[in-house]
Amino acid sequence: MIIPGHAHNPLARADVERIHAGALRILAEMGMEIQNDYLLQRCAAAGFNVNRTAQRVRFPSPVVERFIAEADKFDWEHVVPSVSASAGLYHGLYHDPETGHLLPWTEERMVSYMALANALPNVGGCNVLGSRLPVPAPLEPLYERYYCWKYGAHEGGSIDLDEVCPHLLELYEVLAAHRGVPVREVFRATVYLVPAMKLGRHEACQVAFFHERGLRVGIGDMYAMGATAPVTVAGAVTLNLAE
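Overview of the structure.

### Description of the overall build of the protein
So, step 1. A count of helices and strands for the protein gives eight helices and 11 strands.
So, step 2. Over its C-alpha atoms, taken along the principal directions, the protein stretches across nearly 55 × 45 × 40 Å.
So, step 3. A buried classification covers 33% of the 243 residues belonging to the protein.
So, step 4. Put simply, 57% of the contacts in the protein that link residues at least 6 apart link residues at least 24 apart.
So, step 5. In the form shown here, the protein has an accessible surface area of approximately 14,800 Å², with 57% of it arising from carbon and sulfur atoms.
So, step 6. If you average the places of the 20 positive and of the 27 negative side-chain charges in the protein, the two averages end up 5 Å apart.

### Some thoughts on the packing of aromatic side chains
What characterises a pair of aromatic rings is the spacing of the ring centres plus the angle enclosed by the ring planes.
So, step 1. Summed over the entire model, instances satisfying the criterion amount to 10 aromatic pairs.
So, step 2. Judged by centre distance (6.5 Å) and plane angle (85°), the rings of Tyr-143 and Tyr-146 are edge-to-face. You can see Tyr-143 and its partner Tyr-146 sitting in helix 5 (residues 140-151), three residues apart, about one turn around the helix.
So, step 3. Ring plane angle 65° and centroid distance 5.1 Å describe the contact between Tyr-146 and Tyr-147, whose orientation is recorded as edge-to-face.
So, step 4. Taken together, the ring pairs in this structure connect Trp-149, Tyr-172, Phe-187, Phe-209 and Phe-210 into an aromatic cluster.
So, step 5. Taking the ring centre of Phe-209 as reference, the NZ or CZ of Arg-213 above it sits at 3.7 Å.

### Structural notes on the environment of Glu-170
So, step 1. Looking at where Glu-170 falls in the secondary structure, it is placed in helix 6 (residues 165-179).
So, step 2. Once the C-alpha coordinates of Glu-170 and Gln-35 are considered, the two residues, 135 residues apart in sequence, prove to be 25 Å apart.

### Structural notes on the pairing of strand 9 (residues 190-193)
So, step 1. Residues Val-191 and Leu-193 line the buried face of strand 9, whereas the alternating positions Thr-190 and Tyr-192 sit on a face that is not buried.
So, step 2. Judged from the four bridges that link them, strand 9 and strand 11 (residues 218-221) form a sheet pairing that is parallel. Residue pairing across strands places Thr-190 opposite Gly-218, the latter belonging to strand 11.

### Remarks on helix 1 (residues 13-30)
So, step 1. With 18 residues, helix 1 extends 25 Å between its outermost C-alpha atoms, agreeing within 8% with the 26 Å of an ideal straight helix rising 1.5 Å per residue.
So, step 2. Looking at the packing, one finds that the buried side of helix 1 touches strand 3 (56-58), helix 3 (61-70) and helix 8 (233-242).
So, step 3. Directly beyond the C-terminal end of helix 1, a positive phi value near 70° is found at Gly-31.

### Quick look at the sheet that holds strand 7 (residues 126-128)
So, step 1. Spatially, three strands are ordered 4-7-8 in an open sheet, and the strand pairing comes out parallel. The open sheet terminates on both sides in strands that have one partner only, identified here as strand 4 (87-89) and strand 8 (154-155).
So, step 2. On top of the sheet, helix 4 (residues 107-119) reaches strand 4 and strand 7; it is set at about 160° to strand 4, its chief contact.

### As for the sheet that holds strand 3
So, step 1. The sheet built from four strands is open, its strands ordered 2-3-1-10 with mixed pairing. The open sheet terminates on both sides in strands that have one partner only, identified here as strand 2 (49-51) and strand 10 (198-199).
So, step 2. Pairing analysis gives three bridges linking strand 2 to strand 3, with the strands arranged antiparallel. Bridge pairing links Val-50 to Val-57 in strand 3.
So, step 3. Against the sheet, helix 1 contacts strand 1 (32-34) and strand 3, and its axis sits at roughly 135° relative to strand 3.

About the cut-offs
- Residues numbered from 1 in each chain as written.
- Predicted model: local features only at pLDDT ≥ 70, side-chain atom pairs only at ≥ 80, totals over all residues.
- Heavy atoms only, no water.
- Helix = DSSP H or I, 4+ residues; strand = E, 2+ residues; numbered from the N terminus.
- Buried < 20%, exposed > 50% of the residue type's maximum accessible area, 1.4 Å probe, protein only.
- Contact = heavy atoms within 4.5 Å.
- Areas by Shrake-Rupley, 256 points an atom, 1.4 Å probe, with all protein chains shown as cover.
- Lys, Arg positive; Asp, Glu negative; His and termini not counted.
- Charge placed at Lys NZ, Arg CZ, Asp CG, Glu CD.
- Phe/Tyr/Trp six-rings, centres within 6.5 Å; stacked < 30°, edge-to-face > 60°.
- Lys NZ or Arg CZ within 6 Å of the ring centre and 35° of its normal.
- Pairing = 2+ DSSP bridges.
- Expected span 1.5 Å × (residues − 1).
- Axes fitted to C-alpha atoms, helices over the stretch in contact; angles between N-to-C directions.

This is how it looks when you write it as structure tokens:
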């Protein structure tokens, strides 16, 4: 909770400890629902409390504290503040900079958008999720990689369907062979916890598929304050830390 580049901590130590204790309590008492037998087995082997019937994993506080103690530390005191940005290409229309009109995406407009993002100073390129061009919906994760790699953008890492996993793996194997590096160095995929603290059946299946092959899928959250997360900032931060 330290502002980068400044020694000032915006929270009192007691507040930090309450948020930390709250996150530990969520992990120890509520835990996380994981709808996949393979991942439940891995959690049990790691020393977590697993209820196979309820598909729920609870994380004892001593185990979590040990994980934190052993994790790499970040030097907040000496970090140099910086500002970064990227151009996102998600659901929506193309805002034509010449006419100001909102237009449907075309490959030409997409190439221009990506090229501009890559050319602008202090912008870290373009991030793309799915395909903005008309393709069969189940194949969007494959086209996402195709257009990103073809035109120099960063793939957002969508998977969407379990059935896509083998085809994504094949794509990354081809890319890794082309670059002469291990697959894990080029692999990028992400799933999201839509209900808080729940890795649903399909998301868990996708994580397990790649984990069995030595690849790590990122897991993000998508809760909304006041709906699927507490309405207070402190409560939402506590839940975020637990996840």
